[in-house]
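# A closer look at the structure
Okay, here's what each chain looks like letter by letter:
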Amino acid sequence: MNGVKNMQDNFRNPNDLVSQIEQLTKKTAVIPSLEHQLHALKHREKVFRRQSAIFQSASSLDVSNAKTDHETVSKLTVELERVRSELERTTEMNMAQKEEIKRQNKKILELSTKLQKLVAIFQEEMQKKDELIRKLNDEVVDLHGQIRVVIRVRDFKKDPSFNFQITSQNEVKFQQNNFSNVFAFENVFQPGANQPEVFDDIKELILCALHGKNVSLIAYGPTSSGKTYTMRGESGDEKKGVIPRAIQFLLEQSMKELAVIGWTYNFDASFIEVYNEEVFDLLDDKKKLEMKQTTTVGSKKIPINDMADVTDLLELADSQRSVATTACNQNSSRSHAIFQINIDGVHKSGETVKCCLNLVDLAGSERAKESGAQGKQFTELTKINQSLSTLKKCIRAQKTKMPHVPWRESKLTILLRDYLGAGSSKTMFIAHVNPSDASETKRTLEFTADLRSTNIGKATVQTGQ
Ligand SMILES: Nc1ncnc2c1ncn2[C@@H]1O[C@H](COP(=O)(O)OP(=O)(O)OP(=O)(O)O)[C@@H](O)[C@H]1O
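Going by an unreviewed UniProt entry, the protein carries the name Kinesin motor domain-containing protein and comes from Caenorhabditis briggsae. UniProt lists a comment for the protein under the heading Subcellular location (unreviewed entry), and it reads "Cytoplasm, Cytoskeleton". In its Sequence similarities (unreviewed entry) section, UniProt records this for the protein: "Belongs to the TRAFAC class myosin-kinesin ATPase superfamily. Kinesin family."

What follows is the structure, given as structure tokens:
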């Protein structure tokens, strides 16, 4: 029993066992020399006894020597026996330990085989779940309409000349003189809605980009209604806008769930602006870009591996974007800005996706008279209003199925054409209203309501092949 207990104790403390084994090994090493000594002593004793018998008159010194040798022999015999039994015990323990290690190794092997099977089942389940999510997500996004429109209402001072009311989660009512209408949207964000709430509603659309669909999010509305606030946001985690949140979301999703089921993604970004009907690269010293069909040629693309890359890129673009102080907005964007994330995905099976996420911050419409704009600012304002009015004409032409849609009348519509008419993009407008201005509010509501009923076809997966 004690032996078993000692063994158990030793298993509990393998370091002690190792040191005991070391000591015993040392002791074992001296056994041959002890045996040799013993043998020699026994021989000497025998010779001595023989001599004593022959020489009865042996001296007392000789007898005392013989006695001492006999005692040493006895002591050595006892010691030898002790070492032998200790060696036997250790050998037994060693065997038991070897058996235990074998048993444990077998168990580990069994467990790792089970684990591999479980990982394979988990990956298969994740793959199925991912396919289902893609399908459902696609259906949900499509059900919301060809062009989805949500509306964000800025905190406003009530203007007694008209009545603006948020009547439900997806409807607002506009009433002025004899005009009264209820406008429906996918969602209405109240003045108190914060940046995370807005992004939450957009997430499912952004996920479509990882699944291979071109996705476009376009902020629309009059000057100072909050478009740049929504898209770019301001400093501080809570005030971050759609652009940094979207990239963070793409990076997280691609590195977690999609990586588990065998997808690897690469992202790069470009950032251009349309200013006074010219296109400039916000990431390349505002280099003027030429256009080829619906895209620009030679825009700089910066790889995105983590959020630090994004912060640098956005700060660079912020420093380049055309802004001015106007009567309505201290930091008014004087250009349409298009941030494009190119997504390249490859699955371990060889399947690929190649698509892009476009995040567009349009310049705001503004009436020249009220803005008090003159000179350079007047030119900017005229160009902004012209491009927005071409955008409206194109949407109207599309909606009424006119044979000609005037896409080529402005750089903005040439660039947006693929997201609004070519049928390869899932598109959402975030309409902004600042209902202290009756006529701008009415115009925004009417235009964006038109958007909802415009057919742009069904987006398909882009494989880049
Ligand atoms: N929802 C909001 N919450 C808090 N502040 C907001 C909100 N929307 C806009 N603002 C503030 O209002 C001001 C104007 O907003 P912003 O510049 O985003 O408008 P805009 O529509 O982009 O205007 P423009 O077309 O002239 O560029 C900014 O100072 C911004 O901080």
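## So, the overall build of the protein
Summing up its helical and strand segments, the protein has twelve helices and 16 strands in all. Residue burial in the protein is summarised as follows: out of 465 residues, 42% are buried. Contacts spanning at least 24 positions in sequence make up 69% of the contacts within the protein whose residues lie at least 6 apart. Just so you have it, the protein exposes about 25,500 Å², and 53% of that area is on carbon and sulfur atoms.

## A word on the sheet that holds strand 3 (residues 171-176)
If you walk across this open sheet you meet the three strands as 2-3-4, and the pairing is antiparallel. Each edge of the open sheet is held by one strand with a lone partner, namely strand 2 (163-168) and strand 4 (179-184). Sheet twist, expressed as the average angle between the axes of neighbouring strands with direction ignored, equals 20°. Direction of pairing for strand 3 relative to strand 4: antiparallel, over a ladder of six bridges. Bridging across to strand 4, Phe174 finds its partner in Asn181.

## Some words on the UniProt feature "binding site: ATP" (unreviewed entry) in the protein
In this structure's numbering, the residues bearing the UniProt feature "binding site: ATP" (unreviewed entry) are Gly221, Pro222, Thr223, Ser224, Ser225, Gly226, Lys227 and Thr228. Restricting the annotated residues to those that line the largest pocket leaves Thr223, Ser224, Ser225, Gly226, Lys227 and Thr228. Within the fold, Gly226 resides in the loop between strand 6 (214-220) and helix 5 (227-231). The contact partners of Gly226, leaving out residues within four places of it in the chain, are Arg154 and His432. As for its placement among the helices and strands, Lys227 is situated in helix 5. Setting aside chain neighbours within four positions, we find Lys227 in contact with Ala219, Tyr220, Gly221, Pro222, Asp361, Leu362, Ala363, Gly364 and His432.

## What to know about helix 11 (residues 411-420)
Residues three or four positions apart in an α-helix share a direction because the helix packs 3.6 residues into each turn. In terms of residue burial, helix 11 counts as a mostly covered element, since seven of its ten residues are buried. For helix 11, the full list of buried residues reads Leu412, Thr413, Ile414, Leu415, Leu416, Tyr419 and Leu420.

## With respect to empty space enclosed by the protein
Summed over all chains, the structure comprises three cavities of 30 Å³ or more. Taken as a whole, the second largest cavity spans an internal volume of roughly 60 Å³. Lining the second largest cavity are Val274, Tyr275, Asn276, Glu277, Arg334, Ser335, His336, Ala363, Lys383, Ile384 and Ser387. Every element with two or more residues in the lining of the second largest cavity is listed here: strand 7 (263-275) and helix 10 (375-399).

## Brief notes about the packing of aromatic side chains
Applying the stated criterion across every chain yields a total of nine aromatic pairs. An angle of 85° between the planes, with centres 6.5 Å apart, marks the rings of Phe429 and Phe447 as edge-to-face. You can see Phe429 sitting in strand 16 (residues 425-433) and its partner Phe447 sitting in helix 12 (residues 438-452), a full 18 residues away along the chain. Accessibility assignment for this pair places Phe429 and Phe447 in one class, buried. When the ring centre of Phe447 is taken as origin, the NZ or CZ atom of Lys392, which lies over that ring, is 5.7 Å away.

About the criteria used
- Residues numbered from 1 in each chain as written.
- Predicted model: local features only at pLDDT ≥ 70, side-chain atom pairs only at ≥ 80, totals over all residues.
- Heavy atoms only, no water.
- UniProt positions renumbered as here; feature names shortened; annotations may be inferred.
- Helix = DSSP H or I, 4+ residues; strand = E, 2+ residues; numbered from the N terminus.
- Buried < 20%, exposed > 50% of the residue type's maximum accessible area, 1.4 Å probe, protein only.
- Contact = heavy atoms within 4.5 Å.
- Areas by Shrake-Rupley, 256 points an atom, 1.4 Å probe, with all protein chains shown as cover.
- Pairing = 2+ DSSP bridges.
- Axes fitted to C-alpha atoms, helices over the stretch in contact; angles between N-to-C directions.
- 1 Å grid on protein atoms, 1.4 Å probe; cavity = no way out; pocket = protein on both sides within 12 Å on 5 of 7 lines; lining within 4 Å.
- Points joined across faces, edges and corners; volume = space filled by probe spheres on them.
- Phe/Tyr/Trp six-rings, centres within 6.5 Å; stacked < 30°, edge-to-face > 60°.
- Lys NZ or Arg CZ within 6 Å of the ring centre and 35° of its normal.

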